[in-house]
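# Summary of the model geometry
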Amino acid sequence: MSKQLLTVPLELRWLGDKPMVAIARIEAAALDRTFWEDCVRDARIEAIVALDEARIDALDARVCGQIFHMTRCGSTALLQQFAALDGVQVLSEPMIFIELLGRGSADRDLTRTRFLRLLSLFTIGLAPVASRIVVKWPTLLCRYASLIHQAIGNTPALFMHRNPVEVLASIEARPLGKVDSIKPKWLSGPDGELAGNGNSQLSLVAQLLAVNCQWIAREPSVRTLDYARMPEAGWDQVAPYFGIALDDDQRTRMVRAAQFDAKRQHQVFKGDSSAKQAQASSLARQLAADTIAPALAGALSAMPSL
C-alpha cells in the first residue's frame, strides 16, 4: 500500500524583507507525533514559494479552535483529546509562526495578511486528512493574540493556565529548551517596559511567562481555562466552544485519550499537582508569587472564563 504524502510548510527564509517558505513533503503517518517540529523532522524540501503570493484559504471552515497557553499547563493534553477525533487534525506549536511574527513588518496589515497566507499553506496542505484543525500556538504567540484575532477573529480561542508554582516546578524538573536564546524583545511588555534579565534561567522563564500573561490580557475575546478543570473540560466545555458536536463514540475517544500521558502516550496519566507543589524549590515559590501570579491575575480579570 502506498504511503499518503502531504505538502506542508517547513521553514521560513528571508530574501531581503520578503518571506519565502520552504515547502516540504511528509508522510501522513508522521502527524501522529506530538509536536509539529517532530512531525516534519524527516521532511524533504520540494519547493520554495514567495509567501506574499500564496493564496488565502477559507480558514473559517478549517480552523475551528486555537489554544494559547503559559506552558506546562495541560495544553498538550487538551490537544491530544482532539487528536483522537476522526477528521480533526491538531497542529502543536508550529514555530514557523514565531519566525514570521517575530520579524513582522511595521505595516500591521501586511503582517496580518502574511499570517493568513502562512496559515492557509497549512490548511491546504492538511486538507486531505482533516476537515477541521485545532491549533496550539507556541507560548510566545500570546503577545500576538490581538493580531491573530484581527486575522481569524471568528475562530474561538482559549488561554490555558495553571498554578504558577506547579508550572515552575515542572520546568525545574524538566527545563525548557533554548532558554539561552530568548531575545530581549520577548521580555518586553505591552506598555514597552522591559523585564530584567534575571539571575537564573528559572527567573528568566518566570519573567517571560509573566510578560506573556500581560500580552494575552490585551485580547478579551480569548477565554481562559484552568488546568484544574481538566480533563473533563475538554469534552464538556472546549469541544462545544470549538463547534465540535460530540456523539457518544467521539466523547469516548476524548475520555480515552485523557487517560494517557500527553507527551508519553504509552504511559497512563497520573495527576501530579500535589507532587509538584511539594517538589517546588523556594526559588520557584518566590518567582511564582512575585513574578507570575500578579500578571496571571491581571489576565484572568481581563478575560472571561470558559
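Figured I'd write up the structure that's included with this text. Just so we're clear, the structure is a prediction, and the values are computed from it rather than from any experiment.

This part takes up the packing of aromatic side chains. Within a pair of aromatic rings, the relevant descriptors are the distance that separates the centres and the angle that separates the planes. Enumeration over the complete set of coordinates arrives at eight aromatic pairs. Here Trp36 and Phe122 contribute two aromatic rings whose centre-to-centre distance is 5.4 Å and whose plane-to-plane angle is 65 degrees, an arrangement assigned as edge-to-face. Of the two residues, Trp36 is situated in helix α1 (residues 36-39) and Phe122 in helix α4 (residues 108-126); the sequence distance between them amounts to 86 residues. Neither residue differs from the other here; Trp36 and Phe122 are each classed as buried. Taking 5.7 Å as the distance between ring centres and 50 degrees as the angle between the ring planes, the aromatic pair formed by Phe115 and Trp137 counts as tilted. In this pair, Phe115 is assigned in helix α4 and Trp137 in the loop between β6 (132-136) and α5 (145-152), connecting sequence segments 22 residues apart. Taken together, the ring pairs connect Trp36, Phe97, Phe115, Phe122 and Trp137 into an aromatic cluster. Residue placement shows Arg162 over the ring face of Tyr227; its charged tip is 3.8 Å from the ring centre. Seen from the ring of Trp186, Lys185 lies directly overhead, with NZ or CZ sitting 5.0 Å from the centre.

The next subject is the nonpolar core. Among the nonpolar cores identified, the biggest contains 97 residues, and Phe68, Phe82, Phe115 and Phe159 are the most heavily contacted of them. Take this core: its biggest share by element is nine residues, from helix α7 (residues 201-216).

Time to look at the pattern of salt bridges. As enumerated under the stated definition, the model contains 17 salt bridges in all. For Asp38, the salt bridge is made with Arg41, and the minimal N-O distance between the two is 3.9 Å. In this structure Arg41 comes out as exposed when scored by relative accessible area, which is 54%.

Here we come to the side chain of Ser170. Here Ser170 is to be found in helix α6 (residues 164-173). Owing to a relative accessible area of 5%, Ser170 belongs among the buried residues under this scheme. Excluding anything up to four places from it in sequence, Ser170 contacts Arg72 and Lys276.

A few words on the sheet that holds strand β4 (residues 63-69). Read across the open sheet, the five strands follow the order β5-β6-β4-β7-β8; overall the sheet is parallel. Looking along the sheet, the strands with just one partner apiece sit at the ends: β5 (88-92) and β8 (223-226). Sheet twist, expressed as the average angle between the axes of neighbouring strands with direction ignored, equals 25 degrees. Judged from the five bridges that link them, β5 and β6 form a sheet pairing that is parallel. Note on β6: the bridge partner recorded for Val90 is Val134. Sheet contacts for helix α2 (residues 75-83): β4, β5, β6, β7 (157-161) and β8; angle to β5, the most-contacted strand, approximately 155 degrees.

We now examine the sheet that holds strand β1 (residues 5-15). Read across the open sheet, the three strands follow the order β1-β2-β3; overall the sheet is antiparallel. Two strands in the sheet have a free side with no partner beyond their single neighbour: β1 and β3 (44-50). Across the sheet, the axes of successive neighbouring strands diverge by a mean angle of 25 degrees, strand direction being ignored. The sheet contact formed by β1 and strand β2 (residues 18-27) spans ten bridges and is antiparallel. Looking at the pairing, Leu6 lines up with Ile26 of β2.

For β7, the tally of buried residues reaches five of five residues, placing the bulk of the element in the interior. Going residue by residue along β7, you find Ala157, Phe159 and His161 tucked away on one face and Leu158 and Met160 tucked away on the opposite face as well. Pairing between β7 and β8: four bridges, direction parallel. Looking across to β8, one finds that Leu158 is bridged to Arg223.

Another aspect to go through is the packing of α6 against α7. Taken N-terminus to C-terminus, the directions of α6 and α7 make an angle of 140 degrees; their axes are 11 Å apart at the nearest point. Here α7 runs oblique to α6, going by the angle between their axes. The handedness of the crossing between α6 and α7 comes out as right-handed. Within the contact between the two elements, α6 uses Val167, Leu168, Ile171 and Glu172 and α7 uses Leu202, Val205, Ala206 and Leu209.

Calculation criteria
Residues numbered from 1 in each chain as written. Predicted model: local features only at pLDDT ≥ 70, side-chain atom pairs only at ≥ 80, totals over all residues. Heavy atoms only, no water. Phe/Tyr/Trp six-rings, centres within 6.5 Å; stacked < 30°, edge-to-face > 60°. Helix = DSSP H or I, 4+ residues; strand = E, 2+ residues; numbered from the N terminus. Buried < 20%, exposed > 50% of the residue type's maximum accessible area, 1.4 Å probe, protein only. Lys NZ or Arg CZ within 6 Å of the ring centre and 35° of its normal. Core = buried A, V, L, I, M, F, W, Y, C linked by side-chain atoms within 4.5 Å. Salt bridge = Lys/Arg side-chain N within 4 Å of Asp/Glu carboxyl O. Contact = heavy atoms within 4.5 Å. Pairing = 2+ DSSP bridges. Axes fitted to C-alpha atoms, helices over the stretch in contact; angles between N-to-C directions. Parallel < 35°, antiparallel > 145°, perpendicular 65-115°, else oblique. Left-handed = near helix turned anticlockwise from the far one by under 90°.

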